[in-house]
Amino acid sequence: MNKVVMQFGKDQDFIEVKVAVGLNDLTAQAVRDALHEAGYGRCFILTEQINQLLADYQALQNDIKLNKLQEGVVIRRKIAERRDAVVSIQAAPDGMTAVAEIIAAWGGAPVSANELVKKAQEQGVSFGFQKDAIVQLVGSASRAEPGSKSSQVIAIGRVMQPGQNARFEALVEGLNVRPNRPLQVSESKVDLRDFGVIPSVQSGDAVMRRLPPTKGVDGVSVRGDITLAPPGQQVEWKPGEGTEISPADPDLLIANRDGMPRVQDAGAAVDEVYAVKKVDLSTGHVQFKGAVIVNGDVTESMKVIAGGNVFIKGVAEGALIESGGDIQIGGAIIGHQFSAQEPHIESYSTVVRAAGTIRCALAQYARIECQGDFIAVKQINHCDVTARSVIAGSEDKLNGKIVGGRFYLDFGLKAGMLGSLSESSLQINLNRRIDPVLEKQQALKQNIAMVKQEMEQIRQSLEQMKQQERSAAVLEQMKYLVDDFEAQKAIALALIEDVKLLEVDRLSKMAEVLVLVKQEMYAGVEFRLGAEVLPVKREHGPSKILMQDNRLLIDPWVN
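**Some details on the sheet that holds strand β2 (residues 14–21)**
The four strands lie next to each other as β1-β2-β4-β3, forming an open sheet whose pairing is antiparallel. The two strands at the open ends of the sheet, each matched to only one other strand, are β1 (6–11) and β3 (44–45). In this sheet, strand β4 (residues 73–81) lies alongside β3 in antiparallel orientation, the contact comprising two bridges. By the bridge assignment for β4, F44 is matched with E81. Across the face of the sheet, helix α1 (residues 28–40) comes into contact with β1, β2, β3 and β4 while running at roughly 60° to β1. Its contacts with the sheet place helix α2 (residues 47–65) against β2, β3 and β4, and it is angled at close to 170° to β4.

**Things to note about the side chain of K509**
Turning to its location among the elements, K509 is positioned in helix α6 (residues 472–511). Within the structure, the side chain of K509 is placed 2.7 Å from the side chain of D505, a separation counted as a polar contact. If we skip the residues at most four places from it in the chain, K509 touches R433, I434 and V437.

**Looking at the nonpolar core**
One finds F374, L418 and F527 to be the most contacted residues of the largest nonpolar core, which totals 55 residues. Per element, the largest residue contribution to this core is eight residues, and it comes from strand β29 (residues 373–392). Leaving out residues up to four positions away in the same chain, L418 has contacts with I402, L413, L426, I428, V515, V517, E520, M521, Y522, V525 and F527. Counting residues in hydrophobic clusters, the runner-up holds 21 residues, among them V4, M6, L26 and Y57.

**Section: the pairing of strand β13 (residues 252–255)**
Judged by which residues are buried, β13 turns out to be covered on both faces: L252 and I254 on one side and L253 and A255 on the other are all buried. Note: strand β9 (residues 206–211) against β13, three bridges, orientation antiparallel. Bridging from a neighbouring strand, A206 pairs with I254 of β13. Bridge analysis of strand β12 (residues 243–245) against β13 gives three bridges, and the strand direction is antiparallel.

**Regarding helix α5 (residues 434–466)**
One full turn of an α-helix is made of 3.6 residues, so residues set three or four places apart face in the same direction. When the terminal C-alpha atoms of α5 are compared, their 48 Å separation across 33 residues agrees well with the 48 Å that a helix rising 1.5 Å per residue should span. All buried positions along α5 are accounted for by I434, V437, Q441, L444, I448, V451, M455, I458, L462 and M465. Elements in contact with the buried residues of α5: α6 and β33 (525–529).

**Focus: α6**
Along its 40 residues, α6 runs 59 Å from first to last C-alpha, staying within 8% of the 58 Å computed at 1.5 Å per residue. Burial in α6 covers these residues: V474, M478, L481, Q488, A492, L495, V499, L502, R506, K509 and M510. In this structure, the buried residues of α6 make contact with α5, β33 and β35 (543–548).

**Points about the sheet that holds β13**
For sheets, the rule is that strands pair by backbone hydrogen bonds, running either parallel or antiparallel. Read from one edge of the open sheet, four strands run β8-β9-β13-β12, paired in antiparallel fashion. Every other strand in the sheet has two partners, leaving β8 (167–170) and β12 as the edge strands with one partner each. Across the sheet, the axes of successive neighbouring strands diverge by a mean angle of 25°, strand direction being ignored.

**Observations regarding the packing of helix α3 (residues 113–122) against helix α4 (residues 131–143)**
α4 packs onto α3 with a crossing angle of 115° between their chain directions and a minimal axis gap of 9 Å. Between α3 and α4, the interaxial angle falls into the category roughly perpendicular. Crossing geometry of α3 relative to α4 is assigned as right-handed. Facing α3, whose interface residues are A113, L116 and V117, α4 presents I134, L137 and V138.

Parameters and conventions
- Residues numbered from 1 in each chain as written.
- Predicted model: local features only at pLDDT ≥ 70, side-chain atom pairs only at ≥ 80, totals over all residues.
- Heavy atoms only, no water.
- Pairing = 2+ DSSP bridges.
- Helix = DSSP H or I, 4+ residues; strand = E, 2+ residues; numbered from the N terminus.
- Contact = heavy atoms within 4.5 Å.
- Axes fitted to C-alpha atoms, helices over the stretch in contact; angles between N-to-C directions.
- Polar contact = N/O pair within 3.5 Å; in protein donor to acceptor, adjacent residues only side chain to side chain.
- Core = buried A, V, L, I, M, F, W, Y, C linked by side-chain atoms within 4.5 Å.
- Buried < 20%, exposed > 50% of the residue type's maximum accessible area, 1.4 Å probe, protein only.
- Expected span 1.5 Å × (residues − 1).
- Parallel < 35°, antiparallel > 145°, perpendicular 65-115°, else oblique.
- Left-handed = near helix turned anticlockwise from the far one by under 90°.

As structure tokens, this is what we get:
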């Protein structure tokens, strides 16, 4: 079958076809194929014009067949259009990102990188252009199918970074500033097999340096709007006993006596050191205002109470180990469990209590209380633990075990194995930071109820007075009641706002809680966070326990 001869030309941005009408049939597909062969296949097809072309062609063809016309009559139609690529810019509501969208050209000119930037500037975007992203976008759009859409973030604002307050840097090896942050996903490295060199200083030695506050970094939106960063604040020294501010450098804390340094808030202290081979009946209880070093064991029923750090190289079986700083025990904490006089309460023969962190190799049947972390290299068996967080494992890998007991924690827990095959009860309460917030909320709600009751009494009094004769005295009393009602209302609204702020704080704290189990978790473990209770009813592999969408969930942990 002979093809219909078509010739194509350009008329500005339009593609025109010339068709000589003959006896051969003409189809839309034939027109499209010829358009493509002529090099105009990427142009925008004007479908209505092609349909009109076919109708006109058929009408003239019928006239030719009836000998009303001769073959070769030419029809002209604009059947396609060259359209340049179209770019649009959309800035995010917060002004921190700008997205460019390109509709690929229909046979027309693509968008260049310079044109895209110019278009963005016309739309008010002036900061944070991402050169690589812009080049990638215009390149992919130039190769894309005609009319397809490509989009990319082409500008990113700078987030305002508030200045940091003055910080403190320990200058004595082994003296670490205690962390005050949530439990991290990365494994903590702790070596408790050897104390190494116990930190000590002499009078005049530098103990801690105060690093100056930073100015912060101003935020800039993609539109060039600047958010000024508040500068960090100076933090005043709080020198502890045995330290003083250097007379030659106001940002340096020095020791004014020999001893063992200990970190405190905004400063440090230097404790006098008391060293003993062991603590037993021959030495009696040890009570010392400074640091205590026990080179052996603390035997059963003995007490060590120190104002500073406590180092015990052996086993701790004593009735009480208490420290105003950290406690490090090279061996195990070994206690015994016995029932208390009060029902449902169990007591322990050994209590270890610290203002800072407690570290040991193993702990069993003991009460552990610390404001910092509790770290056991090997195992924690049936202990009652109150701590910021708990880590069961060594410096090499997280392989420690936790079997049975009760835990009351701020941020969470990390262990190799959690629970046991025997499914012994293990209660992990993650509400130590949450409970005080709930108590404040409950107290505020009680105050709100009292204020609302007072408002209702005022309202009833006003209703009664409205029934009385409106004398000057009555009107004056009503005005007083109205003012009192508005004052009570303002108090109620302020209390309600405080409750809302506490709720935001509570949810924020709950989101920071994380439990990581690297190897196995057994049935018998129970988690509590907020009002959520999550019992573990079967064995799990590596797991994360965290709050998602206001629910406490167990998710697989891929390390």
